[in-house]
Amino acid sequence: MKTDYSILRQSQLVTGRGSISFLSTLGKKRAAIFYDGRIVDDAIKQKLSILLKKGGCESRFVADIRNEPFFSDILDATSGVREFEPDLFVALGGGSVMDTAKAVWLFYEHPDLPFEDAFKPFQIPETTGKAVIAAIPTTSGTGSETTCCAVFVNQDTMQKQLILGFPIMPAYAILDPDFTDTLPDTIAAHTGMDALSHAIEAALCTVSSPVIKTLSLSAVLDLLDSLPDSVHAPAGSETRKKAREACHYSAALAGVAINNSSAGLVHALDQPGPYFNLPHGLVCGLLLPYTTAFHSPHPIYTTLGRRLGCRGNSKDICNGLVDFLWDFNTRVGIVHSFRELHIDEAIFMDKINDFISGIDNSMAAILSPRKPTSEEARQILINAYYGNRPFVK
């Protein structure tokens, strides 16, 4: 039902270095911990267990998620969680870890829910109150710690599918920048571009409220300001630590923004990512100048371009923004084409119809300012394959 008002839905945000200690205050009895074993070593496991025990909470590490999750990852983790009967789900890792925790939480709370029903947008059942989710991101990009979305790959088709519904939004998003200090530069760049695309697309979304547009543009400017230092400043330097912290908070706010609007055309066209096993944020950054040109001129782009120093009429400013994003990609190490990633041309062109097959039903495309036709979507991906520099027509 359409209303004349909007509600800001968000997780409770807990911020600051060392904020993981907040877990000891929750008063829970049993915590099921989802993690990425490449990041969460034995020392971090011990620290986390001690924190939870201090609060009277038993803990168990139930799932080590190291890659973009498949349907099978949900099923594999669910049975062990049910046996443990937790009242707290802790997700410590990147988006894949948090998304898996959300999905397992859903089937833990609703064991009789048919698997296919979980993928009906905004039709999942409300919480029973059996457990809550505390998400602790170790990367600064997906925003999963603040969103009602969980992304999975169907291992049979290699297509992405989403669980969407506010019940899976974590109750707590603990933003502890200590976990980002040792991120490899490449991962900092890729996840930062995912966050940047979230923030820009949320501002552009046709259902965004004025509050979300303001929040989004603030996150955009902070990310554009801080991401280069997050990627390139010397390891251990105060400049790098401050930049990593700023990116961490901005990524979460970008997550809040898309949680109250929608992602956009970059995310509607990101299917080459899972098919060719490319990092999601890399694909987002690569596509962003192309989709920006497609939607230009647009008032949001004009506002953003002016704040970045672009001048002229609306078309000139939007062209300046497209050029800025193109050059920004170069600054943070994002390539301009799929060909530069050594993706086989014949295979890419053969699969392009599959990549755009869901565009007509994609909410990310539908809620964009202009939904591309199949031919327009195909042309965007062709240009992105060859690196044909985009411009506003």
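Fair warning: this is a prediction, and the values are worked out from it, not measured in the lab. (Residues numbered from 1 in each chain as written. Predicted model: local features only at pLDDT ≥ 70, side-chain atom pairs only at ≥ 80, totals over all residues. Heavy atoms only, no water.)

Asker: Looking at this structure, I do not really get the sheet that holds strand β8 (residues 172-175). What am I missing?
Answerer: Whenever strands of a sheet pair, they do so through backbone hydrogen bonds, lying parallel or antiparallel. Read across the sheet, six strands follow the order β1-β8-β5-β4-β2-β3 without closing on themselves; strand pairing throughout is parallel. Here the strands that pair on one side only, and so sit at the sheet edges, are β1 (12-15) and β3 (58-64). Strand-to-strand, the axes of this sheet are offset by a mean angle of 20°, without reference to chain direction. Sheet strands touched by helix α3 (residues 95-109): β2 (30-35), β4 (88-93) and β5 (132-137). Its angle to β4, the strand with the most contacts, is close to 160°. Contacts from helix α6 (residues 238-259) reach β1, β5 and β8 within the one sheet, and its direction differs from that of β8 by about 160°. (Pairing = 2+ DSSP bridges. Helix = DSSP H or I, 4+ residues; strand = E, 2+ residues; numbered from the N terminus. Axes fitted to C-alpha atoms, helices over the stretch in contact; angles between N-to-C directions. Contact = heavy atoms within 4.5 Å.)

Asker: How should I be thinking about unusual backbone geometry in this particular structure?
Answerer: Leaving glycine out, the prevailing phi sign among residues is negative, and the prevailing peptide bond configuration is trans. Following Ser 296, the chain continues into Pro 297 via a peptide bond in cis, with omega recorded as -5°. Along the chain, the position of Pro 297 falls in the loop between α9 (280-295) and α10 (299-307). In this structure, Glu 85 is a non-glycine residue whose phi angle is positive, near 55°. Along the chain, the position of Glu 85 falls in the loop between α2 (71-84) and β4. Positive phi, close to 60°, is recorded for Asn 277, a residue that is not glycine. Mapped onto the secondary structure, Asn 277 falls in the loop between α8 (272-276) and α9.

Asker: I keep staring at the state of the cysteines and nothing clicks. Help me out?
Answerer: As used in these notes, a disulfide is a covalent bond between sulfur atoms, one from each of two cysteines. According to the stated counting rule, one finds zero disulfides in the structure shown. Here Cys 318 stays free of any disulfide, with the sulfur of Cys 310 as its closest cysteine sulfur at 8.7 Å. (Disulfide = S-S within 2.5 Å.)

Asker: How should I be thinking about the pattern of salt bridges in this particular structure?
Answerer: Once their charged atoms are close, side chains differing in charge can pair, the charge on each being opposite to the other. The final tally for this structure, using the stated rule, is 15 salt bridges. Close ionic contact of Asp 64 with Arg 66 constitutes a salt bridge, the shortest N to O distance being 2.9 Å. Assessed through its relative accessible area of 32%, Asp 64 is described here as partly exposed. A salt bridge links Asp 354 to Lys 351, with the shortest nitrogen-to-oxygen separation between them at 2.7 Å. Taken as a pair, Asp 354 and Lys 351 lie in helix α12 (residues 345-355) at a separation of three residues, close to a single helical turn. Among the charged side chains, a network of salt bridges with common partners joins Arg 17, Asp 178, Asp 181 and Glu 245. (Salt bridge = Lys/Arg side-chain N within 4 Å of Asp/Glu carboxyl O. Buried < 20%, exposed > 50% of the residue type's maximum accessible area, 1.4 Å probe, protein only.)

Asker: Would you take a moment to explain the packing of helix α4 (residues 185-204) against α10 for this structure?
Answerer: Each pair of packed helices can be described by the angle between their axes along with the distance between the axes. In the contact formed by α4 and α10, the axes pass within 9 Å of each other and the chain directions differ by 130°. In terms of axis orientation, α4 runs oblique to α10. Where α4 crosses over α10, the two elements pack in a sense that is right-handed. Together, Ile 200, Ala 203 and Leu 204 of α4 and Ile 300, Tyr 301 and Leu 304 of α10 make up the contact between the two elements. Across the contact of α4 with α10, the residue classes tally to six nonpolar, no polar and no charged. (Parallel < 35°, antiparallel > 145°, perpendicular 65-115°, else oblique. Left-handed = near helix turned anticlockwise from the far one by under 90°. Nonpolar A, V, L, I, M, F, W, Y, C, P; charged D, E, K, R; others polar.)

Asker: Is there a simple way to explain the packing of aromatic side chains in this structure?
Answerer: Throughout the structure, instances matching the rule amount to 19 aromatic pairs. When the centroid spacing of 6.3 Å and the interplanar angle of 10° are considered together, the rings of Phe 324 and Phe 328 count as stacked. In this pair, Phe 324 and Phe 328 are both assigned in helix α11 (residues 314-332), four residues apart and thus about one turn of the helix distant. Site record: aromatic cluster; members linked through ring pairs are Tyr 275, Phe 276, Phe 338, Phe 348, Phe 355, Tyr 385 and Tyr 386. For the cation-ring pair, Arg 9 lies above Phe 166, with the distance from its terminal atom to the ring centre recorded as 4.4 Å. Between Lys 130 and the ring centre of Tyr 108, over which it is positioned, the NZ or CZ distance is 4.3 Å. (Phe/Tyr/Trp six-rings, centres within 6.5 Å; stacked < 30°, edge-to-face > 60°. Lys NZ or Arg CZ within 6 Å of the ring centre and 35° of its normal.)

The values are spatial; any link to function lies outside them.
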